[in-house]
Amino acid sequence: MTARPDILCIGAVLWDIVGRSPAHLTMGSDVPGRITRLPGGVAMNIAVTLARFGMRPGLLAAIGRDAEGEALVSACGSLGLITDHIYRSDDLPTDRYMAVEGANGLVAAIADAHSLEAAGAKILRPLSDGSLGSSARPWNGPVALDGNLTQALLAEIAGSGLFAAADLRIAPASPGKAERLLPLLPVANATIYVNREEAELICQRTFGDARAAAEGLLARGTARMLVTDGGRSTADGSVDGVLTAEPPPVLVTRVTGAGDAFMAAHIAAETRGESRADALQSALEAAAHHVSGDIGS
Ligand SMILES: Nc1ncnc2c1ncn2[C@@H]1O[C@H](COP(=O)(O)OP(=O)(O)OP(=O)(O)O)[C@@H](O)[C@H]1O
Ligand SMILES: O=c1[nH]cc([C@@H]2O[C@H](CO)[C@@H](O)[C@H]2O)c(=O)[nH]1
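Rules used throughout
- Residues numbered from 1 in each chain as written.
- Chains lettered and ligands numbered in written order.
- Predicted model: local features only at pLDDT ≥ 70, side-chain atom pairs only at ≥ 80, totals over all residues.
- Heavy atoms only, no water.
- Helix = DSSP H or I, 4+ residues; strand = E, 2+ residues; numbered from the N terminus.
- Rg over C-alpha atoms; globule rule 2.2 N^0.38 Å.
- Buried < 20%, exposed > 50% of the residue type's maximum accessible area, 1.4 Å probe, protein only.
- Contact = heavy atoms within 4.5 Å.
- Areas by Shrake-Rupley, 256 points an atom, 1.4 Å probe, with all protein chains shown as cover.
- Lys, Arg positive; Asp, Glu negative; His and termini not counted.
- Charge placed at Lys NZ, Arg CZ, Asp CG, Glu CD.
- Near = heavy atom within 4 Å.
- Polar contact = N/O pair within 3.5 Å; in protein donor to acceptor, adjacent residues only side chain to side chain.
- Pairing = 2+ DSSP bridges.
- Axes fitted to C-alpha atoms, helices over the stretch in contact; angles between N-to-C directions.
- Nonpolar A, V, L, I, M, F, W, Y, C, P; charged D, E, K, R; others polar.
- Salt bridge = Lys/Arg side-chain N within 4 Å of Asp/Glu carboxyl O.
- UniProt positions renumbered as here; feature names shortened; annotations may be inferred.

Undergrad: Can you walk me through the overall build of the protein chain in this structure?
TA: Scanning the protein chain for helices and strands turns up 8 helices and 14 strands. For 297 residues, the compact-globule estimate of 2.2 N^0.38 gives 19 Å, and the protein chain sits close to it at 19 Å. Within the protein chain, the proportion of its 297 residues that are buried is 49%. Within the protein chain, contacts between residues at least 6 apart in sequence are counted, and of these 66% link residues at least 24 apart. As presented, the protein chain carries roughly 13500 Å² of accessible surface, and 53% of it is formed by carbon and sulfur atoms. Computed over 24 positive and 33 negative side-chain charges, the inter-centroid distance for the protein chain is 2 Å.

Next comes the structure, spelled out in structure tokens:
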């Protein structure tokens, strides 16, 4: 029997297919390079980072019964994630994300999470069928939820008793999907993790810094939010007020995944019972280790 998860990660678990070339890429480039396939999707990436911070994440996602899906489930298992509760579909193909990166950074990416969208509420069955929760005894632990789900399903979650006892931690899937989080903003037991740009997209206005973004989100009725802003000040806002803290200055060797490192370390710290101020410091330290390359990827 597998262990019970201590946090649920709900959302995209798919194959990332990434093409990289040392050349500077422009529209229509056709260049030699490397193409790799690795497990990805926002829920998956958060789960892997949470496992690194000592948690035992269980995945709630949609994965096909095709060969790609078998390989993906086995890769998730090898990374220490609990895969027992994943919805496996006979007819939906395993989702994929494809990115092209050149010397000039990410050129473009396409996220094909159509099977997750088509599976809809089926991925949530373990929360009602008694395996992880039921309407009489809803899941009462932490949940990391990603914004790859449709806005309709996110709205259903916002109003569902199955999530009423959970500690909901929410991340947008991409700037283009940030607005999908709107139904979850006012949920009392929800915390959203956004960077300043995503806060601007949600509020449809610009903010000078993370504090202003947190105040803007509060004014829109958001219950609680953590706003990051690269190397600049970060903010933790709630009805109790807005706390800010500065990221330690570090020599930056990589920024991709910094937001995930911040979020996972923050959830792990608050799950351990750290205060708001201490958890913010823990998250900043973890993100600093990440961007300075101290933690292996
Ligand atoms: N240039 C930097 N210098 C110092 N710390 C940084 C820098 N960039 C990121 N960080 C750390 O990482 C945290 C998250 O960074 P950021 O706001 O860029 O998140 P993000 O945009 O969600 O990241 P990504 O999408 O690249 O994972 C910051 O709050 C900070 O602690
Ligand atoms: O719309 C989406 N875009 C990107 C991702 C994932 O984020 C990572 C890249 O930023 C990558 O793992 C991709 O799968 C996703 O799940 N949905």
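Undergrad: I would appreciate a short explanation of the site of ligand 1 in the present structure.
TA: The immediate surroundings of ligand 1 are formed by 17 residues, with Asn195, Thr228, Gly230, Val255 and Gly259 found nearest. The separation between an oxygen atom of ligand 1 and a polar side-chain atom of asparagine 195 is 2.9 Å. Threonine 228 has a polar side-chain atom sitting 2.7 Å from an oxygen atom of ligand 1. Protein chains shield 76% of the accessible area of ligand 1, which is 630 Å² for the free molecule. Mapped by element, the contributors of at least two residues to the shell around ligand 1 are strand 12 (224–229), helix 7 (258–271) and helix 8 (276–291). At 3 residues, the largest contribution of residues to the shell around ligand 1 is made by helix 8.

Undergrad: Honestly, the sheet that holds strand 4 (residues 57–60) in this entry has me stumped. Any pointers?
TA: Strands belonging to one sheet form pairs held by backbone hydrogen bonds; the direction of such a pair is parallel or antiparallel. Spatially, 8 strands are ordered 4-1-9-10-11-12-13-14 in an open sheet, and the strand pairing comes out mixed. Of all strands in the sheet, those with a lone pairing partner are strand 4 and strand 14 (241–245), marking the two edges. For this sheet, the mean angle separating the axes of adjacent strands, direction not counted, is 20 degrees. Direction of pairing for strand 13 (residues 232–238) relative to strand 14: antiparallel, over a ladder of 5 bridges. In the strand pairing of strand 14, aspartate 236 is matched with leucine 243. Across the sheet, helix 5 (residues 196–203) touches strand 11 (190–195), strand 12 and strand 13, and the angle it forms with strand 11 is around 115 degrees.

Undergrad: Looking at this structure, how should I read the site of ligand 2?
TA: Close to ligand 2 lie 13 residues; Asp16, Gly41, Asn45, Asn148 and Lys177 are nearest. In the model, an oxygen atom of ligand 2 is placed 3.1 Å from a nitrogen or oxygen of the valine 42 main chain. In the model, an oxygen atom of ligand 2 is placed 2.8 Å from a nitrogen or oxygen of the lysine 177 side chain. Protein contacts shield 78% of the accessible area of ligand 2, which totals 390 Å² for the unbound molecule. In terms of residue class, the shell around ligand 2 is made up of 6 nonpolar, 5 polar and 2 charged.

Undergrad: Looking at this structure, I do not really get the environment of proline 93. What am I missing?
TA: Relative to the helices and strands, proline 93 is located in the loop between strand 6 (87–89) and strand 7 (96–102). Between the C-alpha atoms of proline 93 and arginine 65, which are 28 residues apart in sequence, the distance is 7.5 Å. Sequence-distant contacts of proline 93, that is, excluding residues within four places in its chain, are made with Gly64, Asp66 and Ser115.

Undergrad: Where do I start with the pattern of salt bridges in this structure?
TA: Between side chains of opposite charge, a pair can form as their charged atoms come close. Across all of its chains, the model carries 14 salt bridges by this definition. Here glutamate 70 and arginine 88 are joined by a salt bridge, their closest N and O atoms 3.1 Å apart. Here the residue glutamate 70 occupies a position in helix 2 (residues 67–78), and arginine 88 occupies one in strand 6, the gap between them amounting to 18 residues. Taking relative accessible area as the criterion, arginine 88 reaches 17% and is therefore assigned buried. A salt bridge links glutamate 200 to arginine 196, with the nearest nitrogen and oxygen atoms 3.4 Å apart. Taken together, the residues span about one helical turn, with glutamate 200 and arginine 196 both in helix 5 at a distance of 4 residues.

Undergrad: What is the right way to read the sheet that holds strand 7 from this model?
TA: Strand order in the open sheet formed by 4 strands is 3-2-7-8, with mixed pairing between adjacent strands. Because the sheet does not close on itself, it has two edges, and the strands there are strand 3 (34–40) and strand 8 (105–112). Here the strands of the sheet are splayed against their neighbours by 15 degrees on average, with no regard to which way each runs. Where strand 7 meets strand 8, 7 bridges bridge the pair, whose relative direction is antiparallel.

Undergrad: Would you mind going over the UniProt feature "domain: Carbohydrate kinase PfkB" (unreviewed entry) in the protein chain with me for this structure?
TA: As recorded in UniProt, the feature "domain: Carbohydrate kinase PfkB" (unreviewed entry) lies at residues 6–291. For residues 6–291, the helix share is 30%, the strand share is 27%, and the end-to-end C-alpha distance is 27 Å.

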